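Given next are the chains, with one letter for each unit.
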Amino acid sequence: MFQKIKYTLIVLSFFSNVSAQISIDSTAKMLDEIVVTATRTENKVSNIPLPIQVISEKNIKMAGSQKLIDILQMQSGLVIANNPLGTALQGYPNPFGDGIQMQGLDPAYTLILINGEPLVGRNAGIVNLGRIAIGNIKQIEIIRGPATCLYGSDALAGVINIITEDPKDNSLNLQTHYASNNTFGLTGAATIKNKRTSLELFGNRYSSDGYDLDKNIYGKTIDPFIDYSANAKFIYQINDQNKLTFSGRFFTEKQFNNYLIFPQSQPEVVKGTTVETDESLYGRFNHKINEGINYTASIYVTSYSNNAEVHVTKTDSLYEKIQLTEFLLRPEIQVNMGKNPTSLLIVGSGYNFEKINSSRYSSVKELSAWYAFVQKQFQIKGKTNIIAGARFDKNSLYPAQFSPKIAIAYRAKPNFILKGSIGTGFKAPDFRQQFLNFSNSLIGYTLLGAREVGHGLQALQQSGEINPDIDLSPYLKETDLSPEKSIGVNAGLDYTIHDRAVLKINFFRNDISKLIETYNLPFNKTNNQAIYSYMNLDKVFTEGMEANFNYNFNQNFSAAAGYQYLIAKDKKVVQQIKEGKMYKRDPETNVTSLVTPKEYKGLFNRSRNTANLSFQYNNLKHKVSAFITTKYRGKYGFSGLNNFYDGNLILNDDREFAKGFVLFNTTFSKQLGKSWGVQAGIENLLNYKNKLLMPNIFGRTYFININFKLEK
Amino acid sequence: MKMKTMKLSVLALALMVTGFMSCTKDDTKESAPAVTKTDSISIPFSTSHYAFFSFKNGAVVPITDSASTNWDFGVHFVTLIVNSHASGPGNAGVITEEGVFDSFTTAPESGYAYDTTSTQLAIDDGLTTGWYNYDDATHSFSPKAGRFFVFKTTDNHYVKMEITGVDYSGFIPPNPPTTLIYKIRYTYQADGSRNLK
């Protein structure tokens, strides 16, 4: 009898253990999640006065997807944004990849970090998110609103920080993934942990045959590719006070390009490859001087290259070769003083050395910058959390930038937190805007980066491409581009309705000024084609509201819903309409009239409404789970849609709207015994396709994963 | 400044109207209404020649007549020329106007620009400042709404003209189209007055 009870107790405790491990996280716990991105120190979500979202490892694993972009695009308020060039190159390899639009701002305005360090290598402003393998991500932290005060340039809309796994135990994970389009993934991860040292190794191979959404155009929409990634992380806990961390990351992707060109109006097939490589090394030393003071010294080195080369198949002659390499070296030190979160002072400083070389630049370009940041975090009466911080960036290529931010959270009730923050952000002019020296061979125009104007023009005049009578002297003085600037305001609330329901609401407004745009010089080349350069010109704003609601029906079943309302407009256009200087021409009647304020719908490629809904079901008894996630993207403007031109390049006509769509993904998982698991899923169940506007979305996709796990 | 030019043109208009009245037997106080027409000009994409147009005849002028005063303006790609100075033997001039085409009723008396040199043309063809919008994704260009031209023709007639579209045929991206088709709408005053109503 006694024996029996004991046995039952053991079973019970075993069960409770299991359920604690794999049951759905309590919704209230959402606010207890520990994040690092918001303050550069570990903090509970509830202590941070900023809109922050955490995508957990469990969530990523349940989705079963192999691509980061597939995970991100299902989150509320995040939308895939192609570079318009990428979408229009029908049948051509998209050289830029896909990025994420956040709070209505383009991908170039969101900083992408891995373990707090930036990825370099943006093509047309977009970091190809395909570079990030998904198999060893611990969590993804998304901060909305400017985070320049901690991270410097590019963090205007916010930051997406991908945190990789820290080795906790001895384990081995293997996964095979097979999906439509002969997509094949192999992932292996191993962690070894001793008393003082731990090591994590991760490798991934991912390949696909690509696909073709338009059979009438020669070549595939997405070309076949093969990716390899490898990560390693080594942690050495020297003693209680000192810790060393080393990590390395390597990624390479080879795309097999095959498309048509028309050199003399005759089609010719060209074939070749695009190879993208990304590698980094990171070393960090943590030292705890005493209970109140610790510091971190780190060094980060990363390089990126993109080499594209295509040959004309018939003659085997080189058609085009484009090369880009980027390099970044960053030593940094951060000192933390005081107690987190009640009273913590952080000061830090670092140095950036960047080098870039491209076949479209006249020579190797270098940039050096140093920065310092300070942040004070404190609590008043246990109810109000305040973070005030600022960062100073001194750069060799543009004026020094000072970026302050303040954020306040007030816990009105234990379950009700009001949050508000205001901060500034900047985006440094990129290398292309400063150094590009490119003449289009088809049309004959020339595009010069702001710093290339002087000697670019002289070279054109010497080669007879600019009339010798034109006086170039006003253009020889180097012109500086200023960074693009933003002010972001976020205000909202976190309301824990009860321990199974949490509501989060955030209102946002971003005002961006000094946007860098192309302009043309007041004279042409002798071939009558224009010369362009870059200038700080435009002002835009985005504003809206994001709401998220999480609800646990019971221990097995939970749901999450999100919604974003967005308005994004060009301030100059608003002004021109007000002044009666913005016209439209009806393409059917050819009659011109004025655009009214009401007709202006804002920037292209922004959906006023986006929404998402997901369900998680976990059956502990049968070790099965299901994950269903849907995303709605409302209608959005697209310039030149169906060759509709009304002569003003702004969104003011219903015919300029592309239809909204719904993505619907579903995944089923089944645990087999202790080590094995199988997952099967369908992505884009509704088979949404749009070859022109959304070439990155293949129709319905099926996948199956087999997982193997060993733990000790 | 604007006020002044307007005053001047009102004055000029008054003078003209009285002048008109005194030397014609016609009793009508206003000149004859101008005639609005639409037309299109097709040119092969690969040609290096301009296509020439005569408002008087309402027709494209053969290239063999390029050295004559038979044409008023020419077009090639995004560049427009007027029959003057560097571009032709005529004395045609042009003013680029901003506004609603239909509400523009009187041609200015003066202020007409000419093709001073081959690089200083009367009509701006710059990528951002010119008469068209260029779509760098599709390489297509389309005329800016609200921009039109007032010509004083080679035989001193007034006409307002707007380009309403640039079409193309034989377009297989990314290759340029084989033919560009400029669609124009213009209001020509045959009696020589500046009335473009």
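Residues numbered from 1 in each chain as written. Chains lettered and ligands numbered in written order. Predicted model: local features only at pLDDT ≥ 70, side-chain atom pairs only at ≥ 80, totals over all residues. Heavy atoms only, no water.

All names here are of chain A. Quantified by volume, the second largest pocket comes out at close to 1,300 Å³. For the second largest pocket, the lining is made up of 46 residues, of which V36, R40, E42, R284 and N286 are closest to its centre. In terms of residue count, strand β17 (residues 317-339) provides more of the lining of the second largest pocket than any other element does, seven residues in total. When the residues that make up the lining of the second largest pocket are grouped by side-chain class, the tally is nine nonpolar, 22 polar and 15 charged. (1 Å grid on protein atoms, 1.4 Å probe; cavity = no way out; pocket = protein on both sides within 12 Å on 5 of 7 lines; lining within 4 Å. Points joined across faces, edges and corners; volume = space filled by probe spheres on them. Helix = DSSP H or I, 4+ residues; strand = E, 2+ residues; numbered from the N terminus. Nonpolar A, V, L, I, M, F, W, Y, C, P; charged D, E, K, R; others polar.)

So, on to the nonpolar core. The biggest cluster of nonpolar side chains holds 56 residues, and the ones touching the most others in it are B:F73, B:W131, B:F141 and B:F151. Beyond its immediate stretch of four places on either side in the chain, B:F73 contacts B:I41, B:A51, B:F52, B:F53, B:F55, B:L80, B:I81, B:V82, B:F151, B:M161 and B:I184. Of all hydrophobic cores here, the second largest spans 41 residues; its members include A:L119, A:I132, A:I134 and A:V573. (Core = buried A, V, L, I, M, F, W, Y, C linked by side-chain atoms within 4.5 Å. Buried < 20%, exposed > 50% of the residue type's maximum accessible area, 1.4 Å probe, protein only. Contact = heavy atoms within 4.5 Å.)

Now for unusual backbone geometry. Residue and element names in this part refer to chain A. With a phi close to 65°, R40 is a non-glycine residue in the positive phi region. Its location among the elements puts R40 in the loop between β1 (34-35) and β2 (43-44). By relative accessible area, which is 16% here, R40 ends up buried.

Here the focus is the pairing of strand β35 (residues 661-672) of chain A. All names here are of chain A. Across 10 bridges, strand β32 (residues 624-633) lies against β35 in antiparallel orientation. Counterpart to S625 in the pairing with β35 is S669. For β35 and strand β36 (residues 676-683), the ladder comprises seven bridges, and the chain directions are antiparallel. In the strand pairing of β36, K670 is matched with V678. (Pairing = 2+ DSSP bridges.)

A few words now on helix α7 (residues 453-462) of chain A. Quick reminder: α-helices carry 3.6 residues per turn. Residues three or four places apart thus point the same way. All names here are of chain A. For α7, every residue scored as buried is listed here: V453, G454, G456, L457 and L460. Packing partners of the buried residues in α7 comprise β23 (437-439), β24 (446-448) and β27 (531-552). Within two residues after α7, G464 carries a phi angle of roughly 80°, on the positive side.

What follows is about empty space enclosed by the protein. All names here are of chain A. Evaluation of the coordinates by the stated rule reveals eight cavities of 30 Å³ or more. Empty space within the largest cavity amounts to approximately 170 Å³. If you trace the largest cavity, you find 16 residues lining it, with I114, N115, S247, G248 and R249 closest to the centre. Broken down by secondary-structure element, the contributors of at least two residues to the lining of the largest cavity are β13 (225-237), β14 (242-261) and β15 (268-288).

On the surface, A:K215, A:K220, A:K689 and A:R700 cluster together to form a positively charged patch. Tracing the backbone through its elements, the reader meets A:K220 in the loop between β12 (197-208) and β13. (Patch = residues over 30% accessible without salt bridge, like charges linked within 9 Å, V, L, I, M, F, W, Y side chains within 5 Å. Areas by Shrake-Rupley, 256 points an atom, 1.4 Å probe, with all protein chains shown as cover. Salt bridge = Lys/Arg side-chain N within 4 Å of Asp/Glu carboxyl O. Lys, Arg positive; Asp, Glu negative; His and termini not counted. Charge placed at Lys NZ, Arg CZ, Asp CG, Glu CD.)

The subject of this paragraph is the confidence of the model for chain B. All names here are of chain B. Averaged over every residue, the pLDDT of chain B is 82; the share at 70 or more is 81%. Ignoring residues within four places in sequence, the model shows residues 1-29, a span with pLDDT below 50, making eight contacts including any to other chains. Scoring of the predicted complex yields 0.87 for pTM and 0.79 for ipTM. (pLDDT = per-residue confidence, 0-100.)

A few words now on helix α8 (residues 571-578) of chain A. Measuring from the backbone nitrogen of A:K572 back to the side-chain oxygen at the start of α8(A) gives 2.8 Å, which picks out A:D570 as the cap. Of the residues trailing α8(A), A:G580 is marked for its positive phi of about 70°. (Polar contact = N/O pair within 3.5 Å; in protein donor to acceptor, adjacent residues only side chain to side chain.)

Next up on the list: the pairing of strand β31 (residues 609-619) of chain A. All names here are of chain A. For strand β28 (residues 557-570) and β31, the ladder comprises nine bridges, and the chain directions are antiparallel. When the sheet's bridge partners are listed, F557 is paired in β31 with Y617. When β31 meets β32, the two strands line up antiparallel, connected through 10 bridges. Across the sheet, S614 pairs through a bridge with T629, a residue of β32. Linking β31 back to β32 in an antiparallel pair, the connection comprises four residues, with K623 at a positive phi of about 50°.

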